[in-house]
Amino acid sequence: MGLGREEEIEIYKPPVFKAGAKVYANRQVKNDGTMAGREIGEVVVKKGDVGYVRDIGMYLQRYYVYAVEFIDRGSVVGMRGRELELFGTKEATP
């Protein structure tokens, strides 16, 4: 019996997005201290920003992390699948 909410282990399923997929951010993302040269708390991705999945990695052997290149911003940001939507789908267009 745990005190916290149990989250699904994502890596038991295939990644939601593939390398090269055009995606957009469904929420604003701030620097949590992992982006060198940026202030902690600085907005690095705005809701609706469009980018391309460059690579797929794992975090804590539980979650997929998608390296998304935002060309207009000139940056690559590691994002979770829940922060992204596939660009161009009827229900998922910003």
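Here goes a summary of the coordinates provided. (Residues numbered from 1 in each chain as written. Predicted model: local features only at pLDDT ≥ 70, side-chain atom pairs only at ≥ 80, totals over all residues. Heavy atoms only, no water.)

**Brief notes about the side chain of Glu83**
So, step 1. Assignment of secondary structure puts Glu83 in the loop between β6 (75-79) and β7 (84-86).
So, step 2. At 5.2 Å, Arg27 is the nearest oppositely charged side chain to Glu83, a buried residue that forms no salt bridge.
So, step 3. Within polar-contact distance, the side chain of Glu83 engages the backbone nitrogen of Arg80 at 2.9 Å.
So, step 4. Discounting residues that sit within four places of it in the chain, Glu83 has contacts with Tyr24, Ala25, Asn26, Arg27 and Val29. (Helix = DSSP H or I, 4+ residues; strand = E, 2+ residues; numbered from the N terminus. Buried < 20%, exposed > 50% of the residue type's maximum accessible area, 1.4 Å probe, protein only. Lys, Arg positive; Asp, Glu negative; His and termini not counted. Salt bridge = Lys/Arg side-chain N within 4 Å of Asp/Glu carboxyl O. Polar contact = N/O pair within 3.5 Å; in protein donor to acceptor, adjacent residues only side chain to side chain. Contact = heavy atoms within 4.5 Å.)

**Description of the packing of aromatic side chains**
So, step 1. Per the counting criterion, the structure on display carries two aromatic pairs.
So, step 2. Residues Phe17 and Tyr66 carry aromatic rings whose centres are separated by 5.3 Å and whose planes lie at 80 degrees to one another, so their mutual orientation is edge-to-face. You can see Phe17 sitting in the segment before β1 (22-25) and its partner Tyr66 sitting in strand β5 (residues 63-70), a full 49 residues away along the chain. Considered together, Phe17 and Tyr66 belong to a single accessibility category, that of buried residues.
So, step 3. With centroids separated by 6.4 Å and ring planes inclined at 40 degrees, the aromatic side chains of Tyr64 and Tyr66 adopt a geometry described as tilted.
So, step 4. Note on Tyr64: relative accessible area 12%, which makes it buried.
So, step 5. Classification of Tyr66 by relative accessible area gives buried; the value is 1%.
So, step 6. Among the aromatic residues, ring-to-ring pairing joins Phe17, Tyr64 and Tyr66 into one connected group.
So, step 7. Lying across the ring of Tyr63, Arg80 places its NZ or CZ 4.0 Å from the centre. (Phe/Tyr/Trp six-rings, centres within 6.5 Å; stacked < 30°, edge-to-face > 60°. Lys NZ or Arg CZ within 6 Å of the ring centre and 35° of its normal.)

**Details of the pairing of β5**
So, step 1. In this sheet, β5 lies alongside strand β4 (residues 50-59) in antiparallel orientation, the contact comprising seven bridges. By the bridge assignment for β5, Tyr52 is matched with Glu69.
So, step 2. Between the end of β4 and the start of β5, which pair antiparallel, lie three residues, with Leu60 showing a positive phi angle near 55 degrees.
So, step 3. Between β5 and β6, which pair antiparallel one after the other, the connecting turn spans four residues, and Gly74 there sits at a positive phi close to 70 degrees. (Pairing = 2+ DSSP bridges.)

**Quick look at the pairing of β4**
So, step 1. Pairing geometry for β1 and β4, over three bridges, is antiparallel. Following the sheet pairing, Val23 is matched in β4 by Gly51.

Without other data, these values stay purely geometric and don't point to any function.
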